[in-house]
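What follows is each chain in one-letter form.
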Amino acid sequence: MKSTVFDYYNAFYRDVYEEDYAEVKQKVRMFLVSTAWDGFVMPSVAPGTSKLGEESLKLAGRSVSETKGVLADVYYFEKLLEYQLGLAAMLRQITLEEALLLLLFKNVRQFAGRREMAELAGLNLQKASRALSRLKREKLIDFEMDSEEGLVVELQDKAADYTEEIDRALMECKNVCLKGFSEEEAEQAAVFADRAGKNIRAKLEKVSLPFDTDAGDADKEEKKTARKSGKKNTRDNGKKSGSK
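Residues numbered from 1 in each chain as written. Predicted model: local features only at pLDDT ≥ 70, side-chain atom pairs only at ≥ 80, totals over all residues. Heavy atoms only, no water.

For the rest of this paragraph, the subject is the confidence of the model for the protein chain. Scored by pLDDT, the protein chain comes out at a mean of 77, with 58% of its residues at no less than 70. Here residues 37–54 is modelled with pLDDT under 50, and outside its nearest four sequence neighbours on either side it reaches 29 contacts, counting other chains as well. (pLDDT = per-residue confidence, 0-100. Contact = heavy atoms within 4.5 Å.)

What follows deals with the sheet that holds strand β3 (residues 110–111). Strand order in the open sheet made by the 3 strands is β3-β5-β4, with antiparallel pairing throughout. Each edge of the open sheet carries a strand with a single partner, namely β3 and β4 (141–146). As paired elements, β4 and strand β5 (residues 150–155) share 6 bridges and run antiparallel to each other. What sits directly across from Asp142, in β5, is Glu154. (Pairing = 2+ DSSP bridges. Helix = DSSP H or I, 4+ residues; strand = E, 2+ residues; numbered from the N terminus.)

Let us look at the packing of helix α4 (residues 96–105) against helix α6 (residues 125–137). The contact between α4 and α6 brings their axes to 9 Å, and the two run at 75 degrees. As far as their axial angle goes, α6 and α4 are roughly perpendicular. Contacts between α4 and α6 involve Glu97, Glu98, Leu101, Leu102 and Phe105 from the former and Lys127, Ala128, Ala131, Leu132, Arg134 and Leu135 from the latter. Across the contact of α4 with α6, the residue classes break down as 7 nonpolar, no polar and 4 charged. (Axes fitted to C-alpha atoms, helices over the stretch in contact; angles between N-to-C directions. Parallel < 35°, antiparallel > 145°, perpendicular 65-115°, else oblique. Nonpolar A, V, L, I, M, F, W, Y, C, P; charged D, E, K, R; others polar.)

It is worth spelling out the nonpolar core at this point. One finds Leu101, Leu102, Phe105, Met117, Leu132 and Ile141 to be the most contacted residues of the largest nonpolar core, which totals 33 residues. Within the residue set of this core, elements represented by two or more residues are α3 (70–91), α4, α5 (114–121), α6, β4, β5 and α7 (160–177). It is α4 that contributes the most residues to this core, 7 residues altogether. Ignoring sequence-local partners within four residues, the contact set of Ile141 consists of Leu102, Phe105, Leu132, Leu135, Lys136, Val153, Glu154, Leu155 and Gln156. (Core = buried A, V, L, I, M, F, W, Y, C linked by side-chain atoms within 4.5 Å. Buried < 20%, exposed > 50% of the residue type's maximum accessible area, 1.4 Å probe, protein only.)

Let us now look at the pattern of salt bridges. Inspection of every chain in the model, using the stated rule, returns 7 salt bridges. One salt bridge in this structure joins Lys136 and Asp142, with 3.5 Å as the shortest N-O distance. Under the relative-accessibility criterion, Lys136 is labelled partly exposed at 35%. For Asp142, a relative accessible area of 35% gives the class partly exposed. (Salt bridge = Lys/Arg side-chain N within 4 Å of Asp/Glu carboxyl O.)

This paragraph deals with a nonpolar patch on the surface. Together, Ile200, Leu204 and Val207 make up a nonpolar patch on the protein surface, roughly 240 Å² of accessible area in all. With respect to the secondary-structure elements, Ile200 resides in helix α8 (residues 183–204). (Patch = residues over 30% accessible without salt bridge, like charges linked within 9 Å, V, L, I, M, F, W, Y side chains within 5 Å. Areas by Shrake-Rupley, 256 points an atom, 1.4 Å probe, with all protein chains shown as cover.)

Checked against the element boundaries, Val152 lands in strand β5. Residue classification places Val152 among the partly exposed positions, given a relative accessible area of 24%. A C-alpha to C-alpha distance of 4.6 Å links Val152 and Gln110, two positions 42 residues apart in sequence. Among all residues touching Val152, those that are not within four sequence positions of it are Arg109, Gln110, Asp142, Phe143 and Glu144.

The full count for this structure, using the stated rule, is 2 aromatic pairs. For the ring pair Tyr75 and Tyr76, a centre distance of 5.1 Å and an interplane angle of 75 degrees mean the geometry is edge-to-face. Judged by its relative accessible area of 26%, Tyr75 is partly exposed. Over the face of the ring belonging to Tyr162 we find Arg92, whose NZ or CZ atom lies 5.6 Å from the ring centre. (Phe/Tyr/Trp six-rings, centres within 6.5 Å; stacked < 30°, edge-to-face > 60°. Lys NZ or Arg CZ within 6 Å of the ring centre and 35° of its normal.)

Written as structure tokens, this is what we have:
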């Protein structure tokens, strides 16, 4: 959603209200989301402005319909997912990065380290780490870095409303993909997709992927730091007990 009209107007209102933006943020976001559904057209303050929710995504000057191939299909599905998750995130006053992590944590809650978590969420390490900290600060998750188990995340009760919104976003993605399918065709598509996914996982489990080796090293270093931190806390507690 980097180039959508949402981002443009959200940034515009943030600059206008400055310090007072936090007080009106919810109203601004609700207004932007509601206009996406009713087809309202914002004043043409920027070239190329179109109806909210109906922006024409282009890749290197080509329209979506002109770009074909496996890589293009994967790219545009990611853009569709980002778009729907972005709407859900705006309604819940969280960032897209936080929504992506919540989506990930619905299915995976244990990682070798933050680097692995970031890769699975499709984020760089810095953005993923910031989003992880914000989610904990908002009491949506809790996590700890264990020297043996790695990064372990636990969803909190407060996260239920957020994950429900994410589920609705996923359902909208599904509806877009299955538009024009009969009920029987939709069921068959789900079965085929599940089988294809299992085949892909089975294949990749047997091969060495050309991942960045620094990622694995970083996760090992994070575990080592957690182990040292645990030992230090043990020593400090021992000193306190002895002084008493």
